[in-house]
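Examination of the molecular architecture
Read off the chains here:
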Amino acid sequence: MKASKNFLRYIGILRDKVFTGPEIVHFHINNYCNLRCLYCWFHSPQVKRKPKPKEIGFEDFKRIIDEIEELGATMIRLSGDGEPTMHSKIKEMIHYIKNKKLKFSILTNCVFNKDIREILIDADEIFVNFSAPNKQVYNEIQSIASEIVFKNVIRNIHYLSIFGKGSVEVQYIINNRNYKYVYEMMKLASKLGVDSINFKIMDIVPHNKNLILSREEIEDFKTILEHCIREQRKLKIKSNISSICTIYSKPSFIRGGQKRDKYRGKDNVEKCFIGWYFANINLNGDVTPCCRMNHVIGNINKKGFREIWISEKSHKFRMDGKYFFKMNKGIWNDCSVCEWRKLNHKYLKGYQV
Ligand code: SF4
């Protein structure tokens, strides 16, 4: 079934049309959290105006999932401007997705109880925001966390890595409080049995500027990264450590700071096909074609998902991505840090066949 839907996406790219729904729908279901990560855009203790707690109603959620399924989407990825497992109806939501025979993935901090952990065993993908390999760093970076919380997170990650049916990926946001512990994190992730670790460059907003690495720290970090690369084979853990090393070694990256890396590696995006395989739904109902842009193509509270997906605005976005993509320009302003390189390359390969 997956192959035939992907085939329809390839054909759509070739013919400048759309024949099925997205491969992944990233769905923000709430905006509150049980942690206070220093780098977080919304819940850092350094954020003065905290968002008013909100969540999507279960009836609206079901309606949207029905529409997405009918359109032929493959996977729902639950997320939030906070922790999605805290949604008051999270168990019902997960059951609803699974009953629809849609694949299910989630972005979480793994701070939850046994009940939620048992439900997540069925997830096809779990991405864990976990940026500290020991309790001291965890308490510092993830703010209100106590030793009990750290142990709970470790237990949950380990359990899901062993008994979960899908993959578990740790996401480590690099900043000046944790860059020294990258190798330690690789060792821990390997010990816990996770499938991969993804090191991410922190997105900079005014309140987290104090977490940017200084020039001296970047030099120090480069030495640490080289050590990680030499040792990574022994750890038997999949990671993007080599790409991170390449990015941090670029002089333009150091000059420009971390805000806009002008890195142009061989794996950079030449055309963007995300309009065929992805959609992001924000908590206010706005639908955007990519999480890295504010380009709204419709609102789910005003129109059905199908109507938005096949709309003129969506078509224009697809055509722009295919024919007029310009790295770091206009709506593509943040694309040099594209997290969809792999999928874009996969679709580019299919398109060139
Ligand atoms: S970040 Fe990547 S996937 Fe998103 S719009 Fe830019 S090139 Fe496309």
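See the structure printed just above.
Let us look at the structure shown here. From a predicted model like this one, the values you see are computed outputs, not experimental measurements. (Residues numbered from 1 in each chain as written. Predicted model: local features only at pLDDT ≥ 70, side-chain atom pairs only at ≥ 80, totals over all residues.)

**A closer look at the site of the ligand**
Val269, Cys272, Ile274, Cys290, Arg292, Met293, Trp332, Cys335, Cys338, Trp340 and Asn344 make up every residue found near the ligand. A class-by-class count of the residues in the shell around the ligand yields nine nonpolar, one polar and one charged. (Near = placed C-beta within 6 Å. Nonpolar A, V, L, I, M, F, W, Y, C, P; charged D, E, K, R; others polar.)

**Quick notes on the packing of helix α7 (residues 182-192) against helix α8 (residues 215-235)**
Interaxial distance between α7 and α8 falls to 9 Å at its minimum, and their mutual angle equals 15 degrees. Considering their axes alone, α7 and α8 lie roughly parallel with respect to each other. Classified by chirality, the crossing of α8 by α7 is right-handed. Across the interface between the two elements, Val182, Tyr183, Met186, Lys187 and Ser190 from α7 touch Ile224, His227, Cys228, Glu231, Gln232 and Leu235 from α8. (Axes fitted to C-alpha atoms, helices over the stretch in contact; angles between N-to-C directions. Helix = DSSP H or I, 4+ residues; strand = E, 2+ residues; numbered from the N terminus. Parallel < 35°, antiparallel > 145°, perpendicular 65-115°, else oblique. Left-handed = near helix turned anticlockwise from the far one by under 90°. Contact = placed C-beta atoms within 7 Å.)

**Let's talk about the sheet that holds strand β5 (residues 167-174)**
With respect to topology, ten strands assemble into an open sheet ordered β7-β6-β5-β4-β3-β2-β1-β8-β9-β10, the strand pairing being mixed. Lying at the two open borders of the sheet, with one neighbouring strand each, are β7 (238-239) and β10 (298-299). Where strand β1 (residues 24-28) meets strand β2 (residues 75-79), five bridges bridge the pair, whose relative direction is parallel. By the bridge assignment for β2, Ile24 is matched with Met75. (Pairing = 2+ DSSP bridges.)

**Here's the deal with unusual backbone geometry**
In this structure, Asp16 is a non-glycine residue whose phi angle is positive, near 60 degrees. Take Asp16: it is sitting in the loop between α1 (2-15) and β1. In the Ramachandran plot, Cys110 falls in the positive-phi region, its phi being about 65 degrees despite a non-glycine side chain. Relative to the helices and strands, Cys110 resides in the loop between β3 (103-108) and α4 (114-120).

**Observations concerning the environment of Lys62**
For Lys62, the location among the structural elements is in helix α2 (residues 58-71). For Lys62, a count of 16 C-beta atoms within 10 Å corresponds to the partly exposed category. For the pair Lys62 and Tyr96, spaced 34 residues apart in the sequence, the C-alpha separation amounts to 7.5 Å. (Buried ≥ 20, exposed ≤ 12 C-beta atoms within 10 Å, placed from the backbone.)

**Re the packing of α2 against helix α3 (residues 90-99)**
Closest axis-to-axis distance for the α2/α3 pair is 11 Å, and the angle between their directions is 15 degrees. One finds that α2 runs roughly parallel with respect to α3. Note that α2 runs across α3; the crossing there is right-handed. The residues of α3 that touch α2, namely those facing Phe58, Phe61, Lys62 and Ile65, are Glu92, Met93, Tyr96 and Ile97. Grouping the amino acids of the contact of α2 with α3 by side-chain chemistry returns six nonpolar, no polar and two charged.

Read these as spatial facts, not as claims about activity.
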